[in-house]
Structure formats: C-alpha cells, structure tokens
Amino acid sequence: PKCYATGHPISNAVMLAFAQGCGGQVVPPSRLLDGPAVLYGFLRGTDTIYRHCRWVGREYFYIDHGYIGHRHFDGYYRVTRSGLQVRIDSGVSRAFADDRWRSLGVALRPWRKAGSFVMICPPSKAYSQFQGIDPSDWVQVVVAEVQRHTDRPITIRPKPAGRDDVSLQSQLDDCWCLVTDSSNAAVEATLTGVPAVVLGESAARPVGWSFSDIESPRWPEREPWAHALAYHQFTLEEMQSGFAWDHCRRQA
C-alpha cells in the first residue's frame, strides 16, 4: 500500500502509523502510484488521489476522524475500505462483539420520542468543495423537502459552529430529528437517541430515517450497530500494530 502523507503533522503521524502496520510506503499525494491507496482526509492533494482511485477502480482505505472519541493522537480514527464511511447492514452488525463498544464508556441513550424541531446540519465548506456542493443551494433544497413532510420548526446549525454557539448536545435536547449529508453529527445524534436523516455516505444510515419517517416514526434496534461502529475505528497504536489493517482488509 501507498500511504499518502500531506506534510501536515497529523497526516504524517497517521500515515506513518498505518504504513508501519500494513508494511506500506509513505509517499506525497502528487500522483497515484501502484498498489492500494491509503488517504487521511481530502485536503492538500489527497482529494485528487481519491478521485483518481474512483476513476480507475483502485482499492483505497480512507481515514478520518473517529465516529466516537475522535481526538487527535490519543483518540480514534475511522478507517473505511473503498468508501468514506463504513456501510453496516443488519447482518454484518450482528457479527461484532460488544467489547470495544463497552471499552469506550459511552451510553447508548434510549430513543427520544419527543422533540419540537428539525435540525439541519449542512456540510462543511471543505466537504462541500470536495463534493462540488453549493451549500446555500443544499440548504434551500433540503429545507423545502423537510417542509413537504412536516410543519415542525426548522433550525439550521452550520459547520463549524461559532465559538459562542451552544454545543450540538445541548441543541439536541429538544430536537425531534436531525438532517445532514455525511456529518458525524448523525452518529452523535443517533447515539443520543435523536433519529437522523442522512443524505450522503454515513455510518448512521442503517439506523436512520428517511424524510417520510419524520411524522411516521420508527425506532430501529441500535445495539448491534453500535458494536459494529466501535470495530471500525482505531487508535494510532492499533494502526501501528497492524490490527487496523488486518481488520479493514476483511471489510466488504
């Protein structure tokens, strides 16, 4: 594998750890080389390598912030084989034990079957540029679609939120559901008990809603999903040891 490091300290640390675990080579993201590609984020040239992999059908492993406990250096990073976020169906999710989930010390709160408003979380500026999305157009279209299905008030939460803004967890206290493209806010909301409508690649999709569920709600089982989620994120030490590489190669 070729691990494309951008020169940024975090990119360098992640790529070096993964390369040590998979027996790969750390290279700059100047052009697509032979072998599977390993990418951290989609800035400073890795976006081009990602597109080239998609164009020619090259296998790639995408690394980004973890789903849970996503701190740099001493936290978790998600790793996905040929995708931006893991795809967890109901059959796959039941194959994972609960040990890694329990080690996180995170509570899976009951579904919150109350709430007054719908929260919309637009994609970030960087992600919008990467995917060719016009954020204003995205918000306009999504708001109109939400209004086709419910009369509930709508709150827009931009990313990144301002320094003085309330936290996502605080805003979720009276939230009926959250709508986003691929933001990890969907995972955070789902763990908190607030359903999420996801429109792009998202690990929360298997336990998420569609627009039509907003006023005809359903409450999927989440425990197997949470167990599987914990098995698709890794520490730098787990990358360096080869544990992450061995696991990710078994992903469908």
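In the block above lies the structure referred to throughout.
Attention here is on the structure that accompanies the text. (Residues numbered from 1 in each chain as written. Predicted model: local features only at pLDDT ≥ 70, side-chain atom pairs only at ≥ 80, totals over all residues. Heavy atoms only, no water.)

## Here's the deal with the sheet that holds strand E3 (residues 37-40)
Here's step 1: Ordered by their spatial adjacency, 6 strands build an open sheet running E2-E1-E3-E4-E5-E10, and the pairing between neighbours is mixed. Edge strands, defined here as strands with exactly one partner in the open sheet, are strand E2 (25-27) and strand E10 (233-234).
Here's step 2: Of the strand pairs in this sheet, strand E5 (residues 77-81) and E10 are connected by 2 bridges, and their pairing is antiparallel. Paired with Arg78 across the strands is Gln233, a residue of E10.
Here's step 3: The strands touched by helix H2 (residues 46-56) are strand E1 (2-4), E3 and strand E4 (60-65); relative to E3, the strand with the most contacts, the crossing angle is about 140°. (Pairing = 2+ DSSP bridges. Helix = DSSP H or I, 4+ residues; strand = E, 2+ residues; numbered from the N terminus. Contact = heavy atoms within 4.5 Å. Axes fitted to C-alpha atoms, helices over the stretch in contact; angles between N-to-C directions.)

## Describing H2
Here's step 1: Of all the residues in H2, the buried ones are Thr46, Asp47, Ile49, Tyr50 and Cys53. Down the axis of H2, the buried side of the element spans an arc of 165°, and every buried residue falls inside it. Facing away from the buried side of H2, by more than 90 degrees, are the exposed residues Trp55 and Val56.
Here's step 2: For H2, the secondary structure elements touched by its buried residues are E1, E3, E4 and helix H5 (125-131).
Here's step 3: Among the residues trailing H2, Gly57 stands out with phi positive, at a value near 75°. (Buried < 20%, exposed > 50% of the residue type's maximum accessible area, 1.4 Å probe, protein only. Arc of directions from axis to C-beta.)

## Looking at the pattern of salt bridges
Here's step 1: With the rule as written, the count across this model stands at 10 salt bridges.
Here's step 2: Of the charged contacts in the structure, one is a salt bridge between Asp98 and Arg102, with a shortest N-O distance of 3.2 Å.
Here's step 3: Taking relative accessible area as the criterion, Asp98 reaches 31% and is therefore assigned partly exposed.
Here's step 4: The salt bridge partner of Arg249 is Asp246, with a shortest N-O separation of 2.9 Å.
Here's step 5: What makes Asp246 partly exposed here is its relative accessible area of 35%. (Salt bridge = Lys/Arg side-chain N within 4 Å of Asp/Glu carboxyl O.)

## Notes on helix H9 (residues 223-230)
Within an α-helix, residues lying three or four positions from one another point in the same direction, as the helix has 3.6 residues per turn.
Here's step 1: The element H9 is largely enclosed, with a buried count of 7 among its 8 residues.
Here's step 2: Taken together, the buried positions of H9 are Pro224, Trp225, Ala226, His227, Ala228, Leu229 and Ala230.

## Some details on the side chain of Gln85
Here's step 1: Its place among the elements puts Gln85 in the loop between E5 and helix H3 (90-93).
Here's step 2: Owing to a relative accessible area of 3%, Gln85 belongs among the buried residues under this scheme.
Here's step 3: In this structure the side chain of Gln85 is engaged in a polar contact, spanning 2.8 Å, whose partner is the backbone oxygen of Ser182.
Here's step 4: Within the local environment of Gln85, its side chain forms a polar contact with the backbone nitrogen of Ala203, the two atoms lying 2.9 Å apart.
Here's step 5: Apart from the residues lying within four places of it in its own chain, the contact partners of Gln85 are Tyr67, Arg78, Thr80, Ser182, Glu201, Ser202 and Ala203. (Polar contact = N/O pair within 3.5 Å; in protein donor to acceptor, adjacent residues only side chain to side chain.)

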